[in-house]
Amino acid sequence: MKLTPSGRLYGLGVILLLLLTLCSRKFNNIGAPSFIVPLAVAGIAYLLAIREFFSTPKFQSRVIVIGIMLAALWQVAFLLVPPGLDDDIHRYVWDGRVQRLGYNPYLVVPSDPALAPLHTSETRTLNHPELPSPYPAGAELFFRAVTAIHESIFALKVAFVLCDFAIAFILLDVLRRSEQAEHWVLAYVWNPLLAIEVAGSGHIDIVGVLLLLVSVAALARRWRAVAAVAFGLAVAVKLLPIVLLPLYWKRVRMRDGALAAIVAGLLYVPFLNHGRLPTGSLGTYVRSFRFNDPVFATLEGVMSPQVVVGIAALVGFLFAIWLRRKSAAWSGDEFAWPMAASLLCAPVVYPWYLLWLLPFLRSTTTVPLMIWTVSVIPTYYVWHLRRVGRLWLVPGWMMLLEYGALAVCVAVIGVRMFLRPATPRNAAE
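Residues numbered from 1 in each chain as written. Predicted model: local features only at pLDDT ≥ 70, side-chain atom pairs only at ≥ 80, totals over all residues. Heavy atoms only, no water.

1. Focus on unusual backbone geometry
Phi at His128 takes a positive value of approximately 45°, unusual for a residue other than glycine. Along the chain, the position of His128 falls in the loop between helix H4 (88-100) and helix H5 (137-149). Residue classification places His128 among the partly exposed residues on the basis of a relative accessible area of 36%. Non-glycine residue His274 carries a positive phi angle of around 55°. Summarising the element assignment, His274 is placed in the loop between helix H11 (254-266) and helix H12 (282-288). Residue His274 is classed as exposed on the basis of its relative accessible area, which comes to 79%. (Helix = DSSP H or I, 4+ residues; strand = E, 2+ residues; numbered from the N terminus. Buried < 20%, exposed > 50% of the residue type's maximum accessible area, 1.4 Å probe, protein only.)

2. Some details on the packing of helix H3 (residues 61-79) against helix H8 (residues 192-200)
Contact geometry for H3 and H8: axes closest at 8 Å, N-to-C directions at 45°. By the angle between their axes, H3 is oblique relative to H8. For the pair H3 and H8, the crossing hand works out as right-handed. Here H3 contributes Trp74, Gln75, Phe78 and Leu79 to the contact with H8, which in turn contributes Leu194, Ala195, Ile196, Ala199 and Gly200. Of the residues contributing to the contact of H3 with H8, the split by class is seven nonpolar, two polar and no charged. (Axes fitted to C-alpha atoms, helices over the stretch in contact; angles between N-to-C directions. Parallel < 35°, antiparallel > 145°, perpendicular 65-115°, else oblique. Left-handed = near helix turned anticlockwise from the far one by under 90°. Contact = heavy atoms within 4.5 Å. Nonpolar A, V, L, I, M, F, W, Y, C, P; charged D, E, K, R; others polar.)

3. Remarks on the nonpolar core
One finds Phe160, Trp190, Ile204, Ile206, Trp372 and Tyr380 to be the most contacted residues of the largest nonpolar core, which totals 125 residues. The biggest single contributor to this core is helix H6 (residues 153-177), with 14 residues. In contact with Phe160, other than residues within four places in its own chain, are Ile89, Tyr92, Phe142, Val198, Gly202, His203, Ile204, Ile206 and Val207. (Core = buried A, V, L, I, M, F, W, Y, C linked by side-chain atoms within 4.5 Å.)

4. With respect to the pattern of salt bridges
Taken as a whole and judged by the stated rule, the model has nine salt bridges. Here Arg100 ties to Glu151 by a salt bridge, and the two come within 2.0 Å at their closest N and O atoms. In this pair, Arg100 is assigned in helix H4 and Glu151 in the loop between H5 and H6, connecting sequence segments 51 residues apart. Assessed through its relative accessible area of 32%, Arg100 is described here as partly exposed. For Glu151, a relative accessible area of 24% gives the class partly exposed. Ionic pairing is found between Arg253 and Asp256, a salt bridge with its closest N-O pair at 2.8 Å. (Salt bridge = Lys/Arg side-chain N within 4 Å of Asp/Glu carboxyl O.)

5. Points about empty space enclosed by the protein
Per the stated rule, a full pass over the model turns up one cavity of 30 Å³ or more. Estimated volume of the largest cavity: approximately 30 Å³. Along its surface, the largest cavity is lined by Leu9, Tyr10, Val63, Gly67, Leu70, Leu186 and Trp190. Element by element, the count of residues in the lining of the largest cavity is highest for H3, at three residues. Its residues assigned to classes, the lining of the largest cavity shows six nonpolar, one polar and no charged. (1 Å grid on protein atoms, 1.4 Å probe; cavity = no way out; pocket = protein on both sides within 12 Å on 5 of 7 lines; lining within 4 Å. Points joined across faces, edges and corners; volume = space filled by probe spheres on them.)

6. Topic: the packing of helix H9 (residues 205-220) against helix H10 (residues 224-237)
Relative orientation of the contacting elements H9 and H10 amounts to 165°, with a least axis distance of 8 Å. Classified by the angle between their axes, H9 and H10 sit roughly antiparallel to one another. Crossing hand, H9 versus H10: left-handed. Contacts between H9 and H10 involve Val207, Gly208, Leu211, Leu212, Val214, Ser215, Ala218 and Leu219 on the former and, on the latter, Val226, Ala227, Ala230, Phe231, Leu233, Ala234 and Val237. Residues belonging to the contact of H9 with H10 are distributed by class as follows: 13 nonpolar, two polar and no charged.

7. Some points on the packing of aromatic side chains
The geometry of an aromatic ring pair comes down to the distance between the two centres and the angle between the two planes. Going through the model one piece at a time under the given rule, you end up with 31 aromatic pairs. Summarising the aromatic geometry, the rings of Phe53 and Trp184 are spaced 5.6 Å apart at their centres and angled 65° between planes, so their arrangement reads as edge-to-face. Placement of the pair is Phe53 in helix H2 (residues 33-55) and Trp184 in the loop between H6 and helix H7 (185-189), with a sequence separation of 131 residues. The exposure classification of Phe53 matches that of Trp184, with both residues buried. On the numbers, 5.9 Å between centres and 15° between planes, the contact of Phe142 with Phe160 is stacked. One end of the pair, Phe142, is in helix H5; the other, Phe160, is in helix H6, with 18 residues separating them in the sequence. Of the two residues, Phe142 and Phe160, neither departs from the other in class, the shared state being buried. Three or more aromatic residues link up through ring pairs in this structure, and these residues are Phe27, Phe35, Phe78, Phe291, Tyr350, Trp352, Tyr353, Tyr380, Trp383 and Trp392. (Phe/Tyr/Trp six-rings, centres within 6.5 Å; stacked < 30°, edge-to-face > 60°.)

8. Examining the environment of Leu22
On the secondary structure map, Leu22 appears in helix H1 (residues 5-25). The class for Leu22 is partly exposed, based on a relative accessible area of 39%. Placed 197 residues apart in sequence, Leu22 and Leu219 show a C-alpha to C-alpha distance of 40 Å.

9. Some details on H4
In this model H4 runs 19 Å from its N-terminal to its C-terminal C-alpha over 13 residues, within 8% of the 18 Å that 1.5 Å per residue would give. Across the 13 residues that make up H4, a large majority, twelve, are buried. Taken together, the buried positions of H4 are Asp88, Ile89, His90, Arg91, Tyr92, Val93, Trp94, Asp95, Gly96, Arg97, Val98 and Gln99. Buried positions along H4 lie against H5 and H6. One or two steps after H4, the chain reaches Gly102, where phi turns positive at roughly 95°. (Expected span 1.5 Å × (residues − 1).)

Okay, here's the thing in structure tokens:
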């Protein structure tokens, strides 16, 4: 019996539910084969679902609703387990806590013996306790707001999951207004990285992604001031989307841009130190932190890390300028590719950094980035290596697999576009 497209999609959804639920049971041993193997198979199932999205013009509404419900089930499975070996969220609790106690997270060092009484059982295990916080002001104020309601890792994870589902509903609105098939919302909610990095580990990036998508939705409605301010707030959560600034040229007014800059600047006022803008350990991050960075590592051999970071940002800016000049109408890949280009040249490419791309992956030109969200899965093995006392280093063969898959896909799409017959000038006459 031949299955219908809806039947195949239901089957893939159930497979994802089973595999990701199994991953949630192994989350305390992230990176081990018992975790990576089912996660990799889930990634393959996700790509097969993407194929269904491309081959079927439209799915019925109930298919989309059931798909979102399935995603909610595996999100809950991850929400109910501890964050595992990824300990960023412990830093989030600390930053929120010390702010409410009257300290500046950009100045205090968690390992300072004088601050030992401020720690709780959830903050004593935060990462890099010898460094102050590196996160921008928008992220810091989010930590403070959530911990003011309830100071715990679980409360932050709940807040991140709520942001995740807010993104799904805003994305549905964007798809409807742009007359795209609504089933592309499943390309977002079914991506395995969401379960791992939002409901599982809990990463602040999802808050920035939400604000960026609010900005995109506001652009579609011509709410220019809202679009500009939401974009400024997204940059105040993580700096990555700053490379998208050229996409707003002539889409928002100068006074909207000024308003966004003022709002983002005001977020830093509570953290000013003798009138100076705080950066915390951001400089140390640029100089010392490395992960999954083949392009950066190559360039760093001939120039300083600060210059290479500047080049990474410049690459994203130039990509955005080219895309802005190419078309007056905006599209999802316009927002995905500049950020992806910067990430490819970045000193650190953690899997959760790819969360920024997910709401914008719904066209053939973004297929390489869809594949990247799956080919990055083997890098979780490094967490297992650290647990058993090995070096915090992505093996060369693993990076070759990850970026090779991305490069091959880009090449295939490029060749197909080159070989595609040109449309005659009089074809529309």
